[in-house]
Amino acid sequence: MKLGGQIVTFVIAWAVLLLLLGINVLLAYQPIGGLHGFVPIGIAATQAFIIMAIFMKLRGRPSLKWVFAGAGFFWLMILLGLSSTDYMTRAAWPL
Amino acid sequence: MSQRAAALKPEMQYADLAQQGETAQLGMWIFLATEVLFFGGMMAAYLAYRMTYNADFDAAAKESVIWIGSVNTAVLVTSSLTMVMAIHAAAERERQPIVYFLLATAALGLIFLGLKGYEYVEDYNDAVVPVLNFHPKEGNPGAVELFWLFYFYATLLHAVHLTIGIILVFFMAVRAKRGAFDAGYYAPLEVVGLYWSFVDTVWVFLFALIYPIGRSG
Amino acid sequence: MTVTTFIPAKSTAVKNYLTAGFGIRSWLLTTDHKRIGLMFFGSVTFFFFIGGAAATLIRLDLLDPAGRLVQPDMYNRLFTMHGVVMVWFFLIPSIPTTLGNFFLPLMIGAKDLAFPRLNLLSWYLFNASGILAVYFLLVGGVDTGWTFYTPLSSQYATGHVLPAAMAVFVNGFSSILTGLNFIVTTHRLRAPGMTWFRLPLFVWAIYATSLVMVLATPVLAMTLALMSMERFLGIGLFDPAIGGDPLLFQHLFWFYSHPAVYIMILPAMGVVSEVIACYARKPVFGYRGMAYALMSIAVIGFFVWGHHMFVTGMSLYSGVVFSFMSFIVAVPSAIKVFNWIATLHKGWITFDAPMLYALGFVGLFTTGGVTGLVVATLAADVHLHDTYFVIAHFHFIMVGGTVSAYFAGLHYWWPKITGRLYPEMWARLAAILTFTGFNFTFFPQFILGYLGMPRRYHAYPPEFQVWNVLSSAGASILAIAYILPLAYLGWSLLYGKRAGSNPWHATGLEWMTSSPPPEHNFVRTPVVTSAPYAYPDPETLADEPAGRRPQA
Ligand SMILES: [Cu+2]
């Protein structure tokens with residue numbers, strides 16, 4: 001097996017994923033206050049993006065796969081977003 | 001063996017193998033979208049309770065075994081790399097590397113499951129297993145229990161997915177060894193690869209929801 | 001639709017899909033979408049009559065204010081059975097798995113679905129789950145209603161909640177696999193020249209439906225799994241005893257179950273578009289708008305689920321958002337109704353049975369839709385929630401709408417499926433009886449609900465009796481209207497006139513092949529060169545247009 005450009009990309013992606021994991025664990029012990037609610041999720045989203053773009057081969061020309069990968073995410077946001085309208089405001093404005 | 005593979009024909013409803021392979025991948029992507037929503041039901045529950053019981057969730061999450069979680073993340077990320085290397089080898093039509101990379105992938109998956117099992121034992125010793133042994137040290141016991149219920153449902157469901165993945169990867173290794181991908185048609189391998197990396201992606205999010213919170217005091 | 005390679009009907013060299021194989025194995029192991037469509041037809045018809053039997057007992061009990069026919073416990077089990085069977089084992093699969101399965105590949109010029117074996121698996125999962133559900137609903141039963149609300153279902157209900165939920169869970173897989181197959185097929189297997197805006201609206205409708213199936217059903221699966229775990233372990237994520245929120249169950253449940261209404265109604269809209277175009281002999285008015293409307297209903301339908309929870313203790317702010325979104329989803333629905341009416345305008349209308357059913361659909365769907373706006377209004381819902389007004393509203397959509405359209409499609413495509421013509425007069429009678437019986441059954445329930453009669457009670461104050469008797473009487477007409485087609489359609493299988501390849505002179509690729517179609521649908525792959533519904537403009541014709549129903 002030749003060491004082509006693709007393999008280098010895969011290995012770099014793998015290294016970045018591990019690096020992000022390390023950052024995630026280190027930041028968990030730092031006093032960053034309210035950011036603790038967002039930093040791990042932000043890092044996870046970045047990792048997911050790398051896995052999907054490179055390991056699941058979404059990068060490249062626009063394709064139908066983008067639509068369905070995006071659809072899963074978009075519909076998840078509908079579920080989380082609209083249900084949290086209730087949980088964010090129930091105590092303030094109960095019906 | 002490779003003789004048979006060379007004579008591979010598309011199924012009746014397809015014009016050629018390229019169309020068949022593309023279609024199989026599209027099908028898997030749609031299936032993965034349903035999986036996102038399947039796990040999404042649980043994520044919605046997590047989000048609702050995290051918003052309601054933020055401090056208790058911090059207190060609960062602190063008890064999770066972060067070193068096992070981190071090592072397991074590294075294991076799964078590495079398995080995604082070996083998986084994609086197997087597909088790369090298939091594209092290059094090198095039979096032996098496909099088999100080795102697939103076996104490595106399956107082995108990493110098994111290591112993950114082994115570590116996860118050990119983590120459950122640790123959780124039991126920490127008395128954070130609802131129903132079986134549950135005596136939380138701090139926080140409102142009810143809310144803490146909600147966190148741990150989520151933890152077990154989510155990680156067990158993920159483990160089920162991973163187990164299916166290991167079986168599929170192993171099956172693919174057997175097929176590869178018999179030369180099924182020698183003719184350059186390896187769409188089934190790519191489909192399994194998509195599934196595998198997706199299970200990895202789910203774990204990355206579960207890690208973020210479970211381990212790194214509530215630790216900075 | 002212009003097709004450069006017309007396939008003659010009389011190519012006797014090719015066997016049709018019914019004669020391509022005989023014996024039980026040739027059916028149970030088939031991967032032919034047409035045969036699987038027929039097998040689904042058999043299954044959903046069976047479940048329809050099971051659900052109908054429960055409905056019959058409910059209506060009989062409600063003849064009498066004291067509800068002496070069944071005990072309250074039994075009544076709870078009856079309406080649960082009616083709901084579970086009708087929703088998951090009839091309405092949701094009805095049009096997609098039968099007509100969709102049969103005609104989607106034909107209408108896009110494909111030889112089969114993208115994943116034929118998955119299609120067969122879907123049928124097996126469907127039947128396994130259906131038989132499981134019906135078995136446990138009969139022995140012991142479930143008394144939670146089809147909604148399985150916690151903590152009733154997870155902590156207090158007696159009966160077989162676990163196996164019933166399991167059955168619905170498995171049924172969800174069948175639904176997901178079917179939807180996935182349809183989406184992929186529409187994307188990948190269209191015939192040359194069949195661009196997106198040359199697709200018949202039925203295909204658009206099935207595509208939109210499949211999107212909803214694939215994205216909503218997994219959430220239901222997770223919700224039922226969490227509920228089942230709570231019942232199994234005695235503790236769970238919805239358990240108020242540990243600070244869990246039962247309303248969370250409702251959020252997740254309705255995230256699926258509101259869009260599920262669109263799984264039922266979107267395919268019906270597709271059928272009706274085909275039928276109205278054919279029997280008005282005009283292209284569908286505003287074709288692109290109709291396609292966009294289908295897609296936007298499918299998407300916006302995901303933003304409205306909270307309108308089922310206005311009076312449950314959900315946040316008022318959230319209620320306002322969901323109420324507003326529910327009004328928005330009415331816009332594309334109204335566009336569809338206006339476009340059907342505009343299609344009829346100056347058309348050359350014949351009132352054949354499919355058209356009667358389709359026109360019935362338009363009226364009943366509009367009534368159901370407009371009353372939906374009434375219950376989507378926050379203040380009005382406080383009064384109307386959980387009354388018969390809601391029952392009437394959604395039965396107008398699901399039974400008045402979907403079932404009428406299902407029958408419209410069944411009659412319209414019957415000659416294609418079986419190669420035989422049905423007896424027209426009997427079919428018209430059934431269509432008229434359906435409309436009449438339906439209105440007698442459900443219109444009184446609007447009044448009952450407005451007067452304050454709550455749903456799910458086996459007895460009621462005597463002043464409601466007259467409306468209940470009217471409703472039950474109407475239901476008996478409806479029952480006849482539903483059994484009648486079974487008789488004359490069955491008769492036509494043996495004695496009906498042979499149908500040519502295109503008895504209605506309709507457009508669309510499905511009419512370009514012989515009746516019944518050959519095993520792989522087309523002798524040669526068709527090539528499409530123009531938009532759908534290329535009916536001649538009636539105004540330019542001096543006399544009756546050539547496309548007429550053959551006199552039976
Ligand atoms: Cu609704």
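Above this text is the structure in question.
Predicted model only: the values in this text are computed from it and were never measured.

On to the overall build of chain B. Scanning chain B from terminus to terminus reveals seven helices and two strands. The principal-axis extents of the C-alpha atoms in chain B amount to approximately 65 × 30 × 30 Å. Across the 217 residues of chain B, 64% fall into the buried class.

Taken together, His258(C) (ND1), His307(C) (NE2) and His308(C) (NE2) make up the protein donors of the copper ion, found 1.8 to 2.0 Å from the metal. Motif for the copper ion, donor spacing along one chain: H-x48-H-H.

What follows covers helix α7 (residues 201-233) of chain C. Residue and element names in this part refer to chain C. For α7, which comprises 33 residues, the first-to-last C-alpha distance of 48 Å matches the rise-based estimate of 48 Å (1.5 Å per residue) to within 8%. The axis of α7 is deflected most strongly, by about 30°, at Ala216, and proline Pro218 appears within four residues downstream. Here α7 lies mainly inside the structure; 28 of its 33 residues are buried. Directly after α7, the chain includes Gly234, whose backbone phi takes a positive value near 80°.

Quick look at unusual backbone geometry now. All names here are of chain C. Residue Thr150 is joined to Pro151 through a cis peptide bond whose omega torsion reads -5°. Residue position: Pro151 is located in the loop between α4 (116-138) and α5 (152-156). With an omega dihedral of -15°, the bond running from Ser515 to Pro516 counts as a cis peptide bond. We note that Tyr533 has phi near 60°; this positive angle belongs to a residue other than glycine.

All right, on to a nonpolar patch on the surface then. Together, Tyr124(B), Val131(B), Leu132(B), Leu162(C), Met229(C), Phe232(C) and Leu233(C) make up a nonpolar patch on the protein surface, roughly 660 Å² of accessible area in all. The greatest single-element share of the nonpolar patch, amounting to three residues, is contributed by α7(C). Here Val131(B) lies in the loop between β1 (128-129) and β2 (133-134).

Counting across every chain of the model gives 14 salt bridges over all chains. Where Lys34(C) meets Asp32(C), a salt bridge forms, and the shortest distance between an N and an O atom there is 3.2 Å. Here Lys34(C) matches Asp32(C) in class, with each residue buried. Several salt bridges share partner residues, and in doing so they unite Asp86(A), Arg90(A) and Asp245(C) into one network.

Turning next to the packing of helix α2 (residues 39-55) of chain A against helix α7 (residues 187-210) of chain B. Contact geometry for α2(A) and α7(B): axes closest at 8 Å, N-to-C directions at 170°. By the angle between their directions, the pair α2(A) and α7(B) is classed as roughly antiparallel. Only Ser197(B), Asp200(B), Thr201(B), Val204(B), Phe205(B), Ala208(B) and Leu209(B) of α7(B) make contact with α2(A), whose side of the interface consists of Pro40(A), Ile41(A), Ala44(A), Ala45(A), Gln47(A), Ala48(A), Ile51(A) and Phe55(A). When grouped by side-chain class, the residues that make up the contact of α2(A) with α7(B) number eleven nonpolar, three polar and one charged.

Take the environment of Thr158(C) next. All names here are of chain C. Mapping Thr158 onto the fold places it in the loop between α5 and α6 (161-188). For the pair Thr158 and Gly141, spaced 17 residues apart in sequence, the C-alpha to C-alpha distance is 8.7 Å. In this structure, Thr158 is in contact with Arg77, Asp143 and Arg231, ignoring residues within four places of it in sequence. At 3.3 Å, the side chain of Thr158 and the side chain of Arg77 are in polar contact.

Reading the values: the criteria
- Along each chain, the written sequence defines residue order, and numbers are assigned to residues from 1.
- Working convention: letters from A go to chains and numbers from 1 go to ligands, in the order in which they are written.
- Given that the model is predicted, a residue must reach a pLDDT of at least 70 before its local features are reported, and side-chain atom pairs must reach 80 or more before they are shown or counted; all residues, however, enter totals for whole chains, interfaces and linings.
- The basis for every side-chain value is the complete set of heavy atoms in the structure, and neither hydrogens nor water enter the calculation.
- Under the DSSP-based scheme used, a helix requires at least four consecutive residues in state H or I and a strand at least two consecutive residues in state E, with every element numbered from the N terminus.
- Partly exposed describes any residue whose relative accessible area lies between the buried limit of under 20% and the exposed limit of over 50%, with all areas from a 1.4 Å probe on protein chains only and scaled to the type maximum.
- Distances define the donors: N, O and S atoms within 2.8 Å of the metal qualify, as do those within 3.2 Å of Na, K or Ca. Water is excluded, so some sites may look unfinished.
- For a helix, the expected span equals 1.5 Å multiplied by the number of residues minus one.
- Here the bend at each residue means the angle between axes fitted to two seven-residue stretches, the one ending at that residue and the one beginning there.
- Patch members must show over 30% relative accessible area and no salt bridge, and they are joined within 9 Å when carrying like charges or within 5 Å when they are nonpolar side chains of Val, Leu, Ile, Met, Phe, Trp or Tyr.
- Throughout, the Shrake-Rupley method with a 1.4 Å probe supplies accessible areas, and for residues the shown protein chains are the sole cover considered.
- Here, a salt bridge means any side-chain nitrogen of Lys or Arg that lies within 4 Å of a carboxyl oxygen of Asp or Glu.
- Only the stretch in contact is used when a helix axis is fitted, and all axes are lines through C-alpha atoms; the angle between N-to-C directions ranges over 0 to 180 degrees.
- Angles are sorted into four bins: roughly parallel if under 35 degrees, roughly antiparallel if over 145, roughly perpendicular if 65 to 115, and oblique for all others.
- Here a residue-residue contact requires only that any non-hydrogen atoms of the pair lie within 4.5 Å.
- Each residue gets one label: Ala, Val, Leu, Ile, Met, Phe, Trp, Tyr, Cys and Pro are nonpolar, Asp, Glu, Lys and Arg are charged, and the others, such as Gly, are polar.
- Identification of polar contacts relies on pairs of N or O atoms within 3.5 Å, with a donor-acceptor requirement for protein atoms, meaning one able to donate a hydrogen and the other able to accept it, and with residues adjacent in sequence counted only if both atoms are side-chain atoms.

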